[in-house]
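# Tertiary structure, described
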Amino acid sequence: MLTLPREASRSEVRTLLTQEAEYGHWELARSVLYVGGVRKVWLRRRLHRVSSTL
C-alpha cells in the first residue's frame, strides 16, 4: 500500500505508478481519495501465465 500526500500532483502520481508497474511488475488493485486529499493506493503482483509448449 502506498500513501500519497495531498501535495502530489496527478502527473507525479501517474509517473510513480507507471514506474512501479513497469519495473516492479505491479498493477493497480485499488485507489481511494480521502476527504483531506490523501490518496491511498493498493498494488498487487502482476501474474505471468506461462503456457505449456509440450
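The following paragraphs examine the structure supplied in this document. (Residues numbered from 1 in each chain as written. Predicted model: local features only at pLDDT ≥ 70, side-chain atom pairs only at ≥ 80, totals over all residues. Heavy atoms only, no water.)

Each helix and strand in the chain was counted, giving 1 helix and 3 strands. Secondary structure elements of the chain, listed N to C terminal, follow the sequence β-α-β-β. The C-alpha extent of the chain, read off along each of the three principal axes, is 55 × 15 × 10 Å. Counting all 54 residues of the chain, 9% fall into the buried class. The long-range fraction of contacts in the chain, counting pairs at least 24 apart against all pairs at least 6 apart in sequence, stands at 37%. Split by element, the accessible area of the chain, about 4800 Å² in all, is 53% carbon and sulfur. Computed over 10 positive and 5 negative side-chain charges, the inter-centroid distance for the chain is 8 Å. (Helix = DSSP H or I, 4+ residues; strand = E, 2+ residues; numbered from the N terminus. Buried < 20%, exposed > 50% of the residue type's maximum accessible area, 1.4 Å probe, protein only. Contact = heavy atoms within 4.5 Å. Areas by Shrake-Rupley, 256 points an atom, 1.4 Å probe, with all protein chains shown as cover. Lys, Arg positive; Asp, Glu negative; His and termini not counted. Charge placed at Lys NZ, Arg CZ, Asp CG, Glu CD.)

The next point concerns the packing of aromatic side chains. Counting across every chain of the model gives 0 aromatic pairs. For Arg-30, the ring lying beneath its charged end belongs to Trp-42, and the centroid distance is 4.9 Å. (Phe/Tyr/Trp six-rings, centres within 6.5 Å; stacked < 30°, edge-to-face > 60°. Lys NZ or Arg CZ within 6 Å of the ring centre and 35° of its normal.)

Right, let's get into helix α1 (residues 10-24). End to end, α1 covers 20 Å across 15 residues, agreeing with the expected 21 Å (1.5 Å per residue, within 8%). Two residues or fewer past α1, His-25 is found with a positive phi of approximately 60°. (Expected span 1.5 Å × (residues − 1).)

Now for unusual backbone geometry. Residues other than glycine predominantly adopt negative phi, and peptide bonds predominantly adopt the trans conformation. The backbone of His-25 shows a phi angle near 60°, a positive value even though the residue is not glycine. Structurally, the position occupied by His-25 is in the loop between α1 and β2 (26-33).

To continue, consider the environment of Arg-49. Take Arg-49: it is sitting in the segment after β3 (39-45). Using a relative accessible area of 74% as the deciding quantity, one classes Arg-49 as exposed. Residues Arg-49 and Tyr-23, spaced 26 residues apart in sequence, show a C-alpha to C-alpha distance of 18 Å.

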